[in-house]
Amino acid sequence: MEEAGGASILKIEDFLIATPQEAMHDLAAIQFKDELLRRLKETKVSGLVMNLGRIDVVDSFMGRTIGEIANSANLMGVEVAIIGLRPDVAITMVEMGISLGNVHPLLNLDLALEFLRNQRGGA
Amino acid sequence: MTEFPEEGVVEVEIREDFDIITARARARVFAESLGFGIVDQTRIATAVSEIARNALTHGGGGKAIIRASKDKKGLEIEIVDEGPGIPNLDRAMERGFPSKPGGLGLGLAGAKRLMDEFHIESKPGVGTKVTMRKRLPSRIRR
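Overview of the structure. (Residues numbered from 1 in each chain as written. Chains lettered and ligands numbered in written order. Predicted model: local features only at pLDDT ≥ 70, side-chain atom pairs only at ≥ 80, totals over all residues.)

**Re unusual backbone geometry**
Consideration 1: The backbone of A:Ala23 sits at a positive phi, close to 50 degrees, despite the residue not being glycine.
Consideration 2: Looking at the element boundaries, A:Ala23 is found in the loop between strand E3 (15-19) and helix H1 (26-43).
Consideration 3: In this structure A:Ala23 comes out as partly exposed when scored by C-beta crowding, with 18 C-beta atoms within 10 Å.
Consideration 4: One non-glycine residue with positive phi stands out, namely B:Lys72, at about 60 degrees.
Consideration 5: Mapped onto the elements, B:Lys72 comes out in the loop between strand E2 (62-68) and strand E3 (74-81). (Helix = DSSP H or I, 4+ residues; strand = E, 2+ residues; numbered from the N terminus. Buried ≥ 20, exposed ≤ 12 C-beta atoms within 10 Å, placed from the backbone.)

**Remarks on the interface of chain A and chain B**
The accessible area lost on association of the parts is a frequent measure of interface size.
Consideration 1: Contacts between the two partners involve 17 residues from chain A, matched on the other side by 22 residues from chain B.
Consideration 2: Counting residues per element, the ones that place at least two in the side of chain A that touches chain B are H1, helix H2 (60-75) and helix H3 (87-96) of chain A.
Consideration 3: A per-element tally of the side of chain A that touches chain B places H3(A) first, with six residues.
Consideration 4: Across the side of chain A that touches chain B, the residue classes tally to seven nonpolar, four polar and six charged. (Contact = placed C-beta atoms within 7 Å. Nonpolar A, V, L, I, M, F, W, Y, C, P; charged D, E, K, R; others polar.)

**Section: the environment of A:Leu85**
Residues and elements named next belong to chain A.
Consideration 1: In this fold, Leu85 is placed in the loop between strand E5 (79-83) and H3.
Consideration 2: Residue classification places Leu85 among the partly exposed positions, given that 17 C-beta atoms sit within 10 Å.
Consideration 3: Filtering out sequence-adjacent residues up to four positions away, Leu85 remains in contact with Leu52 and Ala90.

Right under this line is the structure:
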């Protein structure tokens, strides 16, 4: 496990699981993005799970940062699943018109891993 | 639930990234103390986050003032900066303007949508003041 901008990044099977910390300030979010993309390249995984369960505010900056992570990961050939988004955060994002780019929202880690395994198998 | 903090005013200086987090966290706690539910707390915290960031990145820093609204029916937040001001307010309020990343558009328009009232005054060379209010659902009002 490694800390990146206050986030944990775990490797399991052929995937990374990244959990940003609560109340990540702007610079920490950028560090998180850079570190995560670096680790995707280094570990050559086929999938990324972003666990957003600790995040209590997704504003336009955080939304854009998560979207940039997802789109960059896609370009590197990595599928991205997100889990754990709090309902109040999801409602607020929809009302603001924030979308996260090409991510697959799933209910929990089990389903996210299953999804990513199937993506890899089907490719 | 705590007493309605009629005299309570929370001020947060916005000088660096981390102050945005402080401002929105204080707004969330204040909203909770007034009886706002979790979804409204998050709407308020997100709106504060957007406007505080504008004050920092476009206004060079400023201040957030959080208080119960005068009519005691909700929460009022004022965010002021002494930056260059916003030359074309109507266009800046349009969603997606300007198209460059970090632009004001999504932030201002988004914050406005999350709150019940949203006023913005901006004078070139003087600064920008945003006043936002959220009303408590009537069943919670005292």
